[in-house]
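# Close look at the chain arrangement
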Amino acid sequence: MMLDLFVFALAIDALLYLFFFSGPLYPVRARLAAWTPFLFSKSSQTHLFDCPYCLGFWFSIPLFTFYFLFPSVPVIIFMRFLAVYRLASFLHLFWRLLSDHGLNLILYRTRK
């Protein structure tokens, strides 16, 4: 059960990352925002599709329904694929951090 929740959280994070930071999906997000003017908040002057925290909640409802209440092989494979994609992204970011830190140390040593 804990592994399922971990996969679920990573899959939601992956979907949000793809939806907000993927260049090819930007026109889709802009068109959805244009089609749904009723989701614009006048008090915060923003649209629901511009808030990753809000959209993460709304993404999680159908994904939770499909993953936990109606588990099927394609849904489970899709969610695990998204989780592996996001874990790979985190590992890549961690590797880049270590690499950049190592390069900074090398540059610092050569300047002395």
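Read on for an overview of the structure. (Residues numbered from 1 in each chain as written. Predicted model: local features only at pLDDT ≥ 70, side-chain atom pairs only at ≥ 80, totals over all residues. Heavy atoms only, no water.)

### What about the packing of aromatic side chains?
Aromatic rings in a pair are described by how distant their centres are and how their planes are angled relative to each other. We apply this condition: Here a Phe, Tyr or Trp ring, Trp counted by its six-membered ring, pairs with any other such ring whose centre lies within 6.5 Å, and the pair is stacked when the planes are under 30 degrees apart, edge-to-face when over 60, and tilted otherwise. Every helix listed is a DSSP run of H or I at least four residues long, and every strand listed is a run of E at least two residues long, numbered separately from the N terminus. Exposure classes here rest on a 1.4 Å probe applied to the protein chains alone. A residue is buried below 20% of its type maximum, exposed above 50%, and partly exposed in between.
This model, assessed by the stated rule, comprises eight aromatic pairs. When the centroid spacing of 6.0 Å and the interplanar angle of 75° are considered together, the rings of phenylalanine 8 and phenylalanine 64 count as edge-to-face. Taken as a pair, phenylalanine 8 in helix 1 (residues 2-21) and phenylalanine 64 in helix 3 (residues 52-69) lie far apart in primary sequence, 56 residues in all. Judged by its relative accessible area of 38%, phenylalanine 64 falls in the partly exposed class. On the basis of an interplanar angle of 45° and a centroid distance of 5.2 Å, the ring pair of tyrosine 17 and phenylalanine 21 is categorised as tilted. Of the two residues, tyrosine 17 and phenylalanine 21 both sit in helix 1, four residues apart, roughly one turn of that helix. Phenylalanine 21 sits in the exposed class, given a relative accessible area of 62%. Through successive ring pairs, a cluster of aromatic residues spans Phe8, Phe64, Tyr67 and Phe68.

### Some points on the pattern of salt bridges
For the record, the criterion: The rule for a salt bridge is simple: a side-chain nitrogen of Lys or Arg has to be within 4 Å of a carboxyl oxygen of Asp or Glu.
Counted by the stated rule, this structure contains one salt bridge. The partner of arginine 86 in a salt bridge is aspartate 13, and the shortest N-O contact between them spans 2.6 Å. With arginine 86 in helix 4 (residues 73-111) and aspartate 13 in helix 1, this pair connects stretches of sequence that are 73 residues apart.

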